[in-house]
Each structure stands twice: as structure tokens, then as C-alpha cells.
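# Tertiary structure, described
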Amino acid sequence: MTEQPLALVTGASRGIGAAVAQALEPTHQVLLGGRDAAALAERAAGSPGTRPWAVDLGDFDAVRAAVAGIDRLDVLVHSAGVAELGTVEQATAEDWRRNFEVNVVVVAELTRLLLPALRAAKGHVVVINSGAGLNARPGWGPYAASKFAVRAFADVLRAEEEPNGIRVTSVHPGRTDTDMQRTIVAGEGNEYDPDRYLRPDSVAKAVLAAVSASPDAHLTELVVRPR
Ligand code: NAP
């Protein structure tokens, strides 16, 4: 029996990453990234094709240890992220650092560590970016700047690694019904109405479209907006 391809999804404990993991599960073995080992184990128990991959991505020693056994990786989805918002007047250096650490530096370092495994599989890297990675609006500076930066990262990775058979897709969702969005809406002082936002599985379908595209096709950027 041929083994299913292997996917690693960061941020798979909740929100968009959890939906992406669920969408990949019928066709892939899926490693579920997140920090809460018990929560991931519970999630994996209900989905036989998945395994917990618990690591704080900001702890690079732990990340190195966690990738050690991965020799071949078909799909890497970067969904872990944070959104620290604020105007330029409000946002502190720490706010800027937190966005850049998780949304950019972690993405670059995890990709770097997994490049041999991705090359071995001629794999696919998907970066969950944001509408804020295409348009920067007042009050969103530190987050938008990190998402513009990770778009540049994806563009460079694609140019460098396409000759090695690797595909790289940036997915830019609009506002999506997750914990992150609840926090943002609370910060804006508004009522939360989930029907106004994309469903996480709608974003997951876009990821699946990129990953399952025919081998001659490279879906480089996907923008998904709530209707
Ligand atoms: P979420 O519900 O807040 O979930 C965030 C995920 O990131 C969780 O699984 C969390 O793991 C993980 N994470 C955060 N910091 C981590 C760290 N240091 N180490 C390991 N895991 C970490 O967020 P979401 O809304 O699904 O967002 C997912 C991605 O989509 C993000 O990149 C976000 O910028 C992007 N996005 C979101 C929206 C939206 O409206 N929601 C729109 C556009 C783009 P724990 O459970 O361990 O905390």
C-alpha cells in the first residue's frame, strides 16, 4: 500500500489552520501544529489521519528538535499567526516585534529547517497571509507590515525553490470567523456577528485548490474575500 503524502499545518489547534488540517486529512497524513499538547492530542484522537505536533514556534531549539524526524514533507502550511493592531501612535516596539516574530521570522526559520524535506518531496509551501498583506489600512500597521513582509518571503522562496520542484502559494483571506477575528472585533468595540465573515473551511478550500492543482500549474496567490 502506498503511504499518503505528509502535511504539516501550523496553527492547527484552532481557526483557519484547524480547517486546513481537516480538509487535507482525506488525502494526507497531517501533523497538527500548536502549543497545547493535550488539546492537539484530543483533536488527533478524533481524526485517525492526524498526529499532534506540539511546539512553541518561538522556541527555535524546540522547533529544531520537532523537525528532526521529518525527512520528506509534501505540504507545509503556515497558519500560526498573531494580530497585534494599533495606530503608529499607539503600537510599541514590542507590538511590532510580536507580529514580525510569529508572522515572519518563525515562517522563514521553519521553512529553512524543512527545506531538505520539502525538496525531497518536491513539496508545496502555503503561507496564510491576509488581505492586510495587500492593503495597509490605518490602525493595522504592525500586522500589515508583517504580512507584506511574509508576502515578500513567499515570493523569494518561490523564485529560489521553483527550480527544485517546490511550489509556493500565498493565500490572502479577508476577515474570517476565528478567535483572532473575535479579538479584533472586540478591540474595535463592535458586536461580533459570525455571519459577516468567511468560514475557516472556505479558506481551507482555497488551500486545497492550490495543493491539489495539476502538477503543471502553480497557484501563486489566492485572494479570498467574504461575499
Ligand atoms: P487563531 O484562531 O487566533 O489561531 C492562531 C493559531 O496560531 C493557533 O493555532 C495558535 O496556537 C497558533 N500560534 C500562535 N502563536 C504560536 C506560537 N508561538 N507557536 C505555535 N503556534 C502558535 O488565528 P486564525 O484566525 O486561524 O489565523 C490563522 C492565520 O490566518 C494567521 O496567520 C492570520 O494572520 C491569518 N488570517 C486570519 C484572518 C482572520 O480574520 N481570522 C484573516 C486573514 C488572515 P495555540 O492554540 O497554541 O495558541
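Residues numbered from 1 in each chain as written. Predicted model: local features only at pLDDT ≥ 70, side-chain atom pairs only at ≥ 80, totals over all residues. Heavy atoms only, no water.

An unreviewed UniProt entry lists the protein chain under the name NADP-dependent 3-hydroxy acid dehydrogenase YdfG, with Amycolatopsis magusensis as the source organism. Word for word, the UniProt comment on the protein chain under Sequence similarities (unreviewed entry) is "Belongs to the short-chain dehydrogenases/reductases (SDR) family." (UniProt positions renumbered as here; feature names shortened; annotations may be inferred.)

A word on the overall build of the protein chain. Counting secondary structure elements, the protein chain contains seven helices and seven strands. Sequence-ordered secondary structure for the protein chain, helices as α and strands as β, is β-α-β-α-β-α-β-α-β-α-β-α-α-β. At 17 Å, the protein chain has a C-alpha radius of gyration in line with the 17 Å of a compact globule built from 227 residues. The C-alpha extent of the protein chain, read off along each of the three principal axes, is 55 × 40 × 40 Å. Counting only residues that meet the buried cut, the protein chain has 45% of its 227 residues in that class. Total accessible area computed for the protein chain in this model is approximately 11400 Å², and 52% of it derives from carbon and sulfur atoms. For the protein chain, the centre of its 23 positive side-chain charges and the centre of its 28 negative side-chain charges are spaced 4 Å apart. (Helix = DSSP H or I, 4+ residues; strand = E, 2+ residues; numbered from the N terminus. Rg over C-alpha atoms; globule rule 2.2 N^0.38 Å. Buried < 20%, exposed > 50% of the residue type's maximum accessible area, 1.4 Å probe, protein only. Areas by Shrake-Rupley, 256 points an atom, 1.4 Å probe, with all protein chains shown as cover. Lys, Arg positive; Asp, Glu negative; His and termini not counted. Charge placed at Lys NZ, Arg CZ, Asp CG, Glu CD.)

Near the ligand lie 28 residues; those nearest to it are Ser13, Arg35, Tyr143, Thr176 and Thr178. Elements represented by at least two residues in the shell around the ligand include exactly α1 (15-24), α5 (141-161) and α6 (179-187). The element best represented in the shell around the ligand is α6, accounting for three residues. (Near = heavy atom within 4 Å.)

If you look at the biggest cluster of nonpolar residues, it comprises 27 residues, and the most contacted ones within it are Trp53, Ile70, Leu73, Leu110 and Leu114. Every element with two or more residues in this core is listed here: β1 (6-9), α3 (60-67), α4 (93-121), β5 (124-128) and α5. Counting residues per element, this core draws most heavily on α4, at eight residues. Judged by nonpolar contacts, the second largest core, of 26 residues, contains Ile16, Leu32, Val75 and Leu198. (Core = buried A, V, L, I, M, F, W, Y, C linked by side-chain atoms within 4.5 Å.)

Glancing now at the confidence of the model for the protein chain. The predicted model of the protein chain averages 97 in pLDDT, with 99% of residues at 70 or higher. β5 holds the highest mean pLDDT among the elements of the protein chain, 99, whereas helix α2 (residues 37-45) holds the lowest, 93. (pLDDT = per-residue confidence, 0-100.)

Okay, unusual backbone geometry next. At lysine 122, a residue that is not glycine, the phi angle is positive and equals roughly 50°. As for its position among the elements, lysine 122 is in the loop between α4 and β5. A residue is classified by how much of its surface remains accessible, and lysine 122, at 58% relative accessible area, is exposed.

Following the UniProt record, one finds the feature "domain: Ketoreductase" (unreviewed entry) at residues 5-203. This span, residues 5-203, is 45% helix and 16% strand, and a straight line between its end C-alpha atoms measures 21 Å.

Here the focus is α4. Over its 29 residues, α4 extends 39 Å from the first C-alpha to the last, a length consistent with the 42 Å expected when each residue adds 1.5 Å. Bending of α4 peaks at approximately 55° at the position of leucine 114, with proline proline 116 no more than four residues after it. Following α4 by one or two positions, lysine 122 adopts a phi angle in the positive range, close to 50°. (Expected span 1.5 Å × (residues − 1). Bend = angle between axes of the 7 residues up to and from the residue.)

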